[in-house]
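The residues making up each chain are set out below.
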Amino acid sequence: MKEAKGVVDRQGAVPLYHQLFLTLRDEITSGQRAYGSAVPTELDLVQIYGVSRITARRCLDELANSGLVERRRRIGTRVIFQTPVRPLEANIDQAVDSLVAFGQNTQVRVIDIAEEAAGPAVAQRFGLPAGAALVRAVRVRSLDGAPLGEVVSYVPARLGPLMTRENLTTKPMLALLRGAGIGIGHARQTIAAVSADAALTAALEVEPRAPLLRIERLVSDSAGQPILLTIAHYRADRYQITLDLGAGGAGEGGALGTALDAQGGTQG
């Protein structure tokens, strides 16, 4: 299985093998590559990123030396990293309200909307076979005229009519779903620290390998069916998440409310 064409900065000061290492490391530690999953082979990396076999081998060696993967002859390279994080429970209505309010306070530029065949990782999130039809939308959120984050969302093809440029420019996806009469039953969100690759460096106007917050959110309807997958990368110098923790009401962790704050400040 081949993956989407990768981007590396061939003019930058960071060696190519280390750029590949940082990209794969971030995918592993953020949960994009799960424990036990296969890592691209040397030949895969050569084809995906257009680098030499020596560069690919050095990248995989660095991942192994960091304790993130295990390399075995005739078996391949597999992820051995396991996150120690335990999920927190939160009130879904409060979280959705906070997310909708945040979306209304930022400006949106729609980059692309298209129906496409889902890759294995995205299809798995929806419980669909690889190649199933999903609609993908790419937007850049800005605050005070400067990029704040790149947001990529996927919905089943049947919800594609909601994904118009006008809708996505004026309303957050969760507000569009609510407006269509779709009940939000559950959401799972994962937040991880990653570094900007060449594509995100350009989209968010940051320095190469600048710190970003990667937020992946899978939303299900009231019947438990996944209806929205959002993968966002926000600038760490302009965005923060605040949790209000209170006793009782939401499992052992108590009630939990989320506030999303976009910070003004110097552009990185």
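## A few points about the overall build of the chain
Step number 1: From N to C terminus, the chain includes 8 helices and 10 strands.
Step number 2: Each of the 268 residues in the chain was classed as buried or not, and the buried ones make up 43%.
Step number 3: In the structure as shown, the chain presents an accessible area of about 13900 Å², 51% of it carried by carbon and sulfur atoms.

## Describing the environment of glutamine 107
Step number 1: In this fold, glutamine 107 is placed in strand β3 (residues 107-117).
Step number 2: Those residues within four positions of glutamine 107 in sequence are excluded, and the remaining contacts are Val140, Arg141, Ser142, Leu143, Asp144 and Gly145.

## As for the pattern of salt bridges
Opposite charge on two side chains permits pairing when their charged atoms draw close.
Step number 1: Within this structure, the stated rule accounts for 10 salt bridges.
Step number 2: Arginine 71 serves as the salt-bridge partner of aspartate 61, at 2.7 Å between the closest nitrogen and oxygen. In this pair, aspartate 61 sits in helix α3 (residues 53-65) while arginine 71 sits in strand β1 (residues 69-72), placing the two residues 10 residues apart along the sequence.
Step number 3: Residue classification places arginine 71 among the partly exposed positions, given a relative accessible area of 33%.
Step number 4: With a closest N to O distance of 3.3 Å, arginine 72 and glutamate 70 form a salt bridge.
Step number 5: Overlapping salt bridges, with partners in common, bring together Glu42, Arg53, Arg57, Asp61 and Arg71 in one network.

## Let's talk about unusual backbone geometry
Step number 1: If you check the backbone angles, aspartate 144 has positive phi at about 55° while not being a glycine.
Step number 2: Mapped onto the fold, aspartate 144 is located in the loop between β4 (133-143) and β5 (146-156).
Step number 3: Look at glutamate 205: it is not a glycine, yet its phi comes out positive at around 55°.
Step number 4: Tracing the backbone shows glutamate 205 in the loop between α8 (198-204) and β7 (211-221).

## Focus: the packing of helix α2 (residues 42-49) against α3
Step number 1: The contact between α2 and α3 brings their axes to 8 Å, and the two run at 120°. The orientation of α2 relative to α3 falls into the category oblique. When you trace α2 past α3, the crossing you get is right-handed. Contacts between α2 and α3 involve Glu42, Leu43, Leu45 and Val46 on the former and, on the latter, Arg53, Ala56, Arg57, Cys59 and Leu60.

## Details of the sheet that holds β3
Step number 1: Here we have 6 strands laid out as an open sheet, ordered β3-β4-β5-β8-β7-β6, and antiparallel in their pairing. Of all the strands in the sheet, the pair left with one neighbour each is β3 and β6 (184-195). Neighbouring strand axes in the sheet, compared pairwise and without regard to direction, differ in orientation by 15° on average.
Step number 2: When β4 meets β5, the two strands line up antiparallel, connected through 10 bridges. Residue pairing in the sheet places serine 142 in a bridge with proline 147 of β5.

Analysis parameters
- Residues numbered from 1 in each chain as written.
- Predicted model: local features only at pLDDT ≥ 70, side-chain atom pairs only at ≥ 80, totals over all residues.
- Heavy atoms only, no water.
- Helix = DSSP H or I, 4+ residues; strand = E, 2+ residues; numbered from the N terminus.
- Buried < 20%, exposed > 50% of the residue type's maximum accessible area, 1.4 Å probe, protein only.
- Areas by Shrake-Rupley, 256 points an atom, 1.4 Å probe, with all protein chains shown as cover.
- Contact = heavy atoms within 4.5 Å.
- Salt bridge = Lys/Arg side-chain N within 4 Å of Asp/Glu carboxyl O.
- Axes fitted to C-alpha atoms, helices over the stretch in contact; angles between N-to-C directions.
- Parallel < 35°, antiparallel > 145°, perpendicular 65-115°, else oblique.
- Left-handed = near helix turned anticlockwise from the far one by under 90°.
- Pairing = 2+ DSSP bridges.

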